[in-house]
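Per-entry structural report
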Amino acid sequence: MTTALLLQVVVSGLLLGAVYALFSSGLSLIWGMMNVVNFAHGEFVMLGMYTAVVVWTALGGGPWASVPVATILIATLGVLAYFLLVRHIMRGPMLAQILGTFGLALFLRYGALWVFGANFRTLPDDLVGHSFVLGSIRFEGSRVLAGAVGFIVTLLLHLLLTRTAVGSRMLAVSEDATAAQLMGIRPQRMQALAWALAGAATGIAGALIATFFYTSPTVGETLAIVAFVTVALGGFGSVLGALVAGLLIGVVESLSAFLIGPVYKDVIVYAVFVLVLWLRPQGLMGKA
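Now for a description of the structure that goes with this document. Bear in mind that the values here come from a model prediction, so they are computed numbers and not experimental data.

Helices and strands together make up the secondary structure of the protein, namely 11 helices and 2 strands. Ordered by position in the sequence, the α and β elements of the protein form the string α-α-α-α-β-β-α-α-α-α-α-α-α. In summary, the protein has a C-alpha radius of gyration of 19 Å against a globular reference of 19 Å for 288 residues, a match within 12%. The principal-axis extents of the C-alpha atoms in the protein amount to approximately 60 × 50 × 35 Å. Within the span of the protein, comprising 288 residues, buried residues form 48% of the whole. Side-chain charges of the protein comprise 13 positive and 9 negative groups, with the mean position of each set lying 12 Å from the other.

Counting residues in each nonpolar core, the largest one holds 39 residues, and the members touching the most others are F23 and M49. The set of elements that each furnish at least two residues to this core consists of helix 1 (3-34), helix 2 (41-59), helix 3 (63-89), helix 5 (141-163), helix 8 (187-209), helix 9 (219-234), helix 10 (239-259) and helix 11 (265-279). Sort the elements by how many residues they give to this core and helix 9 lands first, with 8 residues. For M49, the residues in contact, after removing those within four places along its chain, are G206, A207, I209, A210, F213, Y214, T215, V219 and L223. With 28 residues, the next largest nonpolar core counts I30, M34, A180 and I185 among its residues.

The next point concerns the environment of L104. Summarising the element assignment, L104 is placed in helix 4 (residues 94-116). With 65 residues separating them in the primary sequence, L104 and F39 have C-alpha atoms 8.0 Å apart. What L104 contacts, discounting residues up to four positions off in sequence, is A40, F44, A81 and L85.

The next thing to look at is the packing of aromatic side chains. The final tally for this structure, using the stated rule, is 6 aromatic pairs. Ring centres of Y50 and F116 lie 4.1 Å apart, and the angle between their planes is 10°; on these two criteria the pair is classed as stacked. Taken as a pair, Y50 in helix 2 and F116 in helix 4 lie far apart in primary sequence, 66 residues in all. F116 sits in the partly exposed class, given a relative accessible area of 22%. Plain terms: the ring middles of F213 and Y214 are 4.7 Å apart, the flat faces sit at 25° to each other, and that makes the pair stacked. For F213, a relative accessible area of 29% corresponds to the partly exposed category. These aromatic residues form a ring-pair network of at least three members: F120, F213 and Y214.

To continue, consider the side chain of Q191. Residue placement: Q191 occurs in helix 8. Setting aside residues no more than four positions away along its own chain, Q191 makes contact with M33, M34, Y82, M90 and V173.

One can expect most non-glycine residues to show negative phi and most peptide bonds to be in trans. In the Ramachandran plot, N35 falls in the positive-phi region, its phi being about 55° despite a non-glycine side chain. Note on placement: N35 falls in the loop between helix 1 and helix 2.

This paragraph deals with the pattern of salt bridges. Pairs can form between side chains of opposite charge whenever their charged atoms are close. Counting across every chain of the model gives 4 salt bridges. Residue E43 pairs with R109 through a salt bridge whose shortest N-O separation is 3.1 Å. Placement of E43 in helix 2 and of R109 in helix 4 is noted, with a sequence separation of 66 residues between them. E43 gets classed as buried once you look at its relative accessible area, which sits at 1%. When the shortest N-O distance is used, the salt bridge between R109 and E221 registers 3.5 Å. One end of the pair, R109, is in helix 4; the other, E221, is in helix 9, and 112 residues separate them in sequence. Taken together, the salt bridges that share partners define one network made up of E43, R109 and E221.

About the thresholds
Residues numbered from 1 in each chain as written. Predicted model: local features only at pLDDT ≥ 70, side-chain atom pairs only at ≥ 80, totals over all residues. Heavy atoms only, no water. Helix = DSSP H or I, 4+ residues; strand = E, 2+ residues; numbered from the N terminus. Rg over C-alpha atoms; globule rule 2.2 N^0.38 Å. Buried < 20%, exposed > 50% of the residue type's maximum accessible area, 1.4 Å probe, protein only. Lys, Arg positive; Asp, Glu negative; His and termini not counted. Charge placed at Lys NZ, Arg CZ, Asp CG, Glu CD. Core = buried A, V, L, I, M, F, W, Y, C linked by side-chain atoms within 4.5 Å. Contact = heavy atoms within 4.5 Å. Phe/Tyr/Trp six-rings, centres within 6.5 Å; stacked < 30°, edge-to-face > 60°. Salt bridge = Lys/Arg side-chain N within 4 Å of Asp/Glu carboxyl O.

As structure tokens, then:
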């Protein structure tokens, strides 16, 4: 095994991990703001992927066209989900929140099955551009674009939450919604904004993933598991933690698939996940 080949595997893992971080950041944001776990998160990603498929099928457009469309559509879906469902079930017990968002996931999944059918859809391999070589490392255009955008958008989302007035208002609502309301902040507006941001990040991720991953109504189940593991490993409520955990999971997954075999990569990822949570139950960057 050469150093160049090992470096190739690590770089591929980092690019994949950045995409994991992007679609997991929305899940972390919702939990941090409202203590609500969105079990329909994987289906949001799935709809972002189908948006890319529809844009390419109908218009012949690549990611430069599908990403803005998916961003707007899934952000709108997030706001609608908040006002029509989430703000009502928040008044009930945790079980109502779990069953409510799980029901939304089933509705979206089987709605996609009815509209698009059960067949897998894929986009052309050269939609983003052909592979290229830099030094001794070979890059796939679609994965480079997805990884770069994923890293940048996740970092921008973190900066928005920690370095802006809007982020301060959202943090105030997450700490104490009643006190924030007395300060002139509208909690429902901030919570709706959180769902919009989460939906936008998810839509971007879905449209980019579709360029190198199969699209089907059930793909959300697989991606949801990755998102939950990423968020739990990074620390619920921490977007930066989701970024760090996503990169870590991507590298561990790529290295284990290369060194041990693709069949065992999930075993290694979950072993690392359990080990980290055993030593640090709140996650890498979560609050104790």
